[in-house]
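Observations on chain architecture
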Amino acid sequence: MTKTLAELAKTVRSKNAGVDKITFDIIFYDRATYEHVKQAKVLTRDSITALYGIPDSRISDFVEFDPGCAIKFTIYRTAPSGSAGDPDIFGAQQYAPLLGIEVPGM
Amino acid sequence: MKSMKIISPNGHLGFAPLKPESFAIGVDARPDYIGADSGSDDVGPVPLGSDTSTSPVGWQTHDLEQMLLASRRIGVPMIIGSAGDTGTNSRVDLYLSIIRDLARKHKLSPFKLGWYYSDVPKDRLRAAIESGEDVAGLDGRPSLTLEELEATDHIVAMAGVHPYIKLLRQGADVIIGGRSSDCAVFAAPAIHHGFPEALSYYLGKVLECASFCAEPYGAKETVLGEISNEDVRVTAMHPDQRCTIASVAGHAMYERSNPFFEYVAGGRLDMTHCNYEQVDPRTTRITGPTFEPAPQFRVKLEGSGKVGERYVGLVGIRDPYSIANVDRMIDWAKQQVRERFGNAQYELHYTVYGRDGVMGAMEPKHDHAPHEIAVLVQGVAPTKEMAEEVALIGTRQMFYARLPEVKGTAGSVAFPLDEVMRASPAYRWTLNHTYAVPDGLTLHQTHLETVGA
């Protein structure tokens, strides 16, 4: 059956990584789930650019972090954090669309 | 010293108060040092640019008092980094005066108070640029230009372990640091006592945010790190928190682009081959980090410059037709501001809550029509008067927006306030760069005095 990342991940968060980037962490409860999601290829550079509607050049890092059972990626902001008009100075609420990503075969 | 223990009670001292219960447990564990970082660039460019703190002085004093009294009672040094959110000279001076006042208030026995400054004068960087030195951009930024430098109000250089180690060698009992890498607060005493650099920087990395490396989630609780020549052990002090393999490894990711590397002045901590081991329910042991010295010693510079004064307005919209056409209403209001001010220098920003207020262009959800929305209007201009007028026209003209088929012709928006409000001036991060220096003390001058003599 299909489950969402909201069901499968312990932590899904976003936060500033310095003043020019926002980093996203998706941390799983256990290694088996982490490996399954990795294999399912639902969380990749391509799926992220499609979901957020951004070009690949906006992604500075994409890492599968085995010691933390986590998938992590980082994007460049279009303007530094806290510039007038920036609605999320800490970058703390940009993760929400990830929660609905569907993972088949769970 | 076979091993060294250090406690960290707060990951951003002043931003919210430390929790005294777990701090007391940590102090009873007889640490060799008590340390806390007090800075962050997360708070946006306003505090650095305007040289103010975002943290209330009452909360800063609360934590400094708890830490100072514990440090003097058990006779171990206390180290604070990035004083007052930004680590500017004025914030260091503020913390020094708080420490001196606390020493008097509690009639503390004499102790050595050390500090260092981190402000970088613009003249120094202007001279560097003019002589052809590269002030290199980080995170995709171009090299610093004279124009961008002139747009900057305040610059700090991020120290590594070096000024802390110098002050520890001189016998400082309390250190108030200017801007520094968070991890330097904890790595410095470990390196000072001869522990391996790699493990020392790892110790700093894991302790810098206090209980963020523990689970379940709960900030501002004390954690204890212990370093030996072979490993680092980190233990949660709150009775209901644990440092687990998952929480400690997970913390390596926090707030950084890449979980394997941490860049500090003078080198890079590599956590790729870290091994994590649960040694008791609340303690995780870490081995295997490495440290690579940088080929050239470069320090990171942070700079912020004022864009203008700022006023904000807020309107609500309930008419479904208006909600569907809110962009046309915004265009109308923008046009009215343009007609008033022409090509004069100003900024006008609209944030549409209920549609894409939080995520802007990155919002993927466009398939539902909200039943009500709020629009935040920000006007930024060189003077207070002009900023107020930009924001006022930009807000009030939403009321008069001309939509062809609107039924409600008595006003297109709901005002919760019939005014615009003064906000902090708008600043922006002008510097996120690095600059080559001969050594880690060049930009960070140290000072030492005896307090209470």
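The structure displayed is predicted, hence computed values, not measured ones.

Cut-offs used in this document
Residues numbered from 1 in each chain as written. Chains lettered and ligands numbered in written order. Predicted model: local features only at pLDDT ≥ 70, side-chain atom pairs only at ≥ 80, totals over all residues. Heavy atoms only, no water. Helix = DSSP H or I, 4+ residues; strand = E, 2+ residues; numbered from the N terminus. Buried < 20%, exposed > 50% of the residue type's maximum accessible area, 1.4 Å probe, protein only. Areas by Shrake-Rupley, 256 points an atom, 1.4 Å probe, with all protein chains shown as cover. Lys, Arg positive; Asp, Glu negative; His and termini not counted. Charge placed at Lys NZ, Arg CZ, Asp CG, Glu CD. Phe/Tyr/Trp six-rings, centres within 6.5 Å; stacked < 30°, edge-to-face > 60°. Lys NZ or Arg CZ within 6 Å of the ring centre and 35° of its normal. Arc of directions from axis to C-beta. Contact = heavy atoms within 4.5 Å. Polar contact = N/O pair within 3.5 Å; in protein donor to acceptor, adjacent residues only side chain to side chain. Salt bridge = Lys/Arg side-chain N within 4 Å of Asp/Glu carboxyl O. Buried area = accessible area lost by both parts, 1.4 Å probe. Nonpolar A, V, L, I, M, F, W, Y, C, P; charged D, E, K, R; others polar. Pairing = 2+ DSSP bridges. Axes fitted to C-alpha atoms, helices over the stretch in contact; angles between N-to-C directions. Core = buried A, V, L, I, M, F, W, Y, C linked by side-chain atoms within 4.5 Å.

Overview of the overall build of chain B
- Per the secondary structure count, chain B includes 13 helices and 19 strands.
- Oriented by its inertia axes, the alpha-carbon framework of chain B measures out at about 80 × 55 × 45 Å.
- When burial is assessed residue by residue, chain B has 56% of its 453 residues classed as buried.
- With an accessible surface of roughly 18200 Å², chain B has 51% of that area assigned to carbon and sulfur atoms.
- Distance from the positive charge centre (44 side chains) to the negative charge centre (57 side chains) of chain B: 3 Å.

Concerning the packing of aromatic side chains
Residues and elements named next belong to chain B.
- Considering all chains together, one arrives at twelve aromatic pairs over all chains under this definition.
- Geometrically, the ring pair formed by Tyr201 and Phe291 is stacked, given 4.5 Å between the ring centres and 15° between the ring planes. Of the two residues, Tyr201 sits in helix 9 (residues 197-207) while Phe291 sits in strand 14 (residues 290-293), which places them 90 residues apart along the sequence.
- Between the aromatic rings of Phe212 and Tyr254, the centroid separation amounts to 5.2 Å while the plane-to-plane angle is 85°, which identifies the pairing as edge-to-face. Of the two residues, Phe212 sits in the loop between helix 9 and strand 8 (223-227) while Tyr254 sits in the loop between helix 10 (245-251) and strand 10 (261-264), which places them 42 residues apart along the sequence.
- Overall, Phe212 belongs to the partly exposed group, its relative accessible area being 26%.
- Note on Tyr254: relative accessible area 11%, which makes it buried.
- Looking at Arg100, its charged tip hangs above the ring of Trp115, at a distance of 5.7 Å from the centre.
- Lying across the ring of Phe341, Arg340 places its NZ or CZ 4.5 Å from the centre.

A look at helix 2 (residues 31-40) of chain A
Residue and element names in this part refer to chain A.
- Regarding helix 2, the residues found buried are Thr33, Tyr34, Val37 and Lys38. Looking straight down helix 2, one finds that the buried residues subtend no more than 135° of arc, so they occupy a single side. What points out from helix 2, more than 90 degrees from its buried face, is the exposed set Ala32 and Gln39.
- Contacts made by the buried residues of helix 2 are with helix 1 (5-8), strand 3 (21-28), strand 4 (59-65), strand 5 (70-76) and strand 6 (102-103).
- For helix 2, the side-chain oxygen to backbone nitrogen distance between the N-cap and Ala32 is 3.2 Å, and the N-cap itself is Asp30.
- Note on helix 2: the residue one or two positions beyond its end, Lys41, has a positive phi of about 55°.

Points about the pattern of salt bridges
- Taken as a whole and judged by the stated rule, the model has 31 salt bridges over all chains.
- Two residues, Arg45(A) and Asp56(A), come together in a salt bridge whose shortest N-O distance is 3.1 Å. With Arg45(A) in helix 3 (residues 45-52) and Asp56(A) in the loop between helix 3 and strand 4, this pair connects stretches of sequence that are eleven residues apart.
- Residues Arg179(B) and Glu302(B) are paired through a salt bridge, measuring 2.8 Å at the closest nitrogen-oxygen approach. Of the two residues, Arg179(B) is situated in the loop between strand 7 (174-176) and helix 8 (184-192) and Glu302(B) in strand 15 (residues 298-317); the sequence distance between them amounts to 123 residues.

A word on the interface of chain A and chain B
- Counting from both sides, the interface comprises 41 residues of chain A and, opposite them, 42 residues of chain B.
- Where chain A abuts chain B, roughly 3200 Å² becomes buried across the two surfaces, and 60% of that area is made up of carbon and sulfur atoms.
- Three residues, Val19(A), Phe65(A) and Ala84(A), lead the burial of chain A against chain B; their summed loss comes to 17% of the area buried on that side.
- Between the two partners, chain A and chain B, sit five salt bridges.
- A salt bridge links Arg141(B) to Asp20(A); the nearest nitrogen and oxygen atoms lie 2.6 Å apart.
- Inspection of the chain A/chain B interface yields 16 residue pairs in polar contact (both at pLDDT 80 or more).
- For the side of chain A that touches chain B, a count of residues per class yields 18 nonpolar, twelve polar and eleven charged.

Structural notes on the sheet that holds strand 5 of chain A
Residues and elements named next belong to chain A.
- Strand order in the open sheet made by the four strands is 2-3-5-4, with antiparallel pairing throughout. In this open sheet, the two strands that pair with only one neighbour each are strand 2 (9-16) and strand 4. Across this sheet, the average inter-strand angle for adjacent strands is 10°, counted without regard to direction.
- Packed on one face of the sheet, helix 2 meets strand 3, strand 4 and strand 5 and runs near 50° to strand 5.
- Sheet contacts for helix 3: strand 3, strand 4 and strand 5; angle to strand 4, the most-contacted strand, approximately 130°.

Regarding the sheet that holds strand 11 (residues 267-270) of chain B
Residue and element names in this part refer to chain B.
- The antiparallel open sheet is built from three strands, whose spatial order is 10-11-14. Lying at the two open borders of the sheet, with one neighbouring strand each, are strand 10 and strand 14. Adjacent strand axes in the sheet meet at a mean angle of 20°, parallel and antiparallel pairs treated alike.
- Relative to strand 11, strand 10 runs antiparallel, the two sharing four bridges.

A short note on the nonpolar core
- Core analysis: the largest hydrophobic core is formed by 53 residues, its most contacted members being Tyr201(B) and Tyr202(B).
- Of all the elements in the fold, those that place two or more residues in this core are strand 4 of chain A together with strand 1 (4-8), helix 7 (162-169), helix 8, helix 9, strand 8, strand 9 (232-236) and helix 10 of chain B.
- Ignoring sequence-local partners within four residues, the contact set of Tyr201(B) consists of Val161(B), Cys183(B), Ala187(B), Ile191(B), Val264(B), Leu269(B) and Phe291(B).

Here's the deal with helix 3 of chain A
All names here are of chain A.
- Along helix 3, the residues classified as buried are Ile48, Thr49 and Tyr52. One side of helix 3 holds all its buried residues, which, seen down the axis, span an arc of 95°. Counted as exposed and oriented over 90 degrees from the buried face of helix 3: Asp46 and Ala50.
- Phi turns positive, to about 65°, at Gly53, one or two residues after helix 3.

Notes on the environment of Asp63(B)
Residue and element names in this part refer to chain B.
- Tracing the backbone through its elements, the reader meets Asp63 in helix 3 (residues 57-74).
- With 360 residues separating them in the primary sequence, Asp63 and Ala423 have C-alpha atoms 28 Å apart.
- Polar side-chain contacts of Asp63 include one of 3.0 Å to the backbone nitrogen of Leu18.

Notes on the pairing of strand 9 of chain B
All names here are of chain B.
- Where burial is concerned, most of strand 9 is hidden: four out of the five residues are buried.
- In this sheet, strand 9 lies alongside strand 8 in antiparallel orientation, the contact comprising five bridges. Residue pairing across strands places Val223 opposite Ala236, the latter belonging to strand 9.
- From the end of strand 8 to the start of strand 9, which pair antiparallel, there are four residues.

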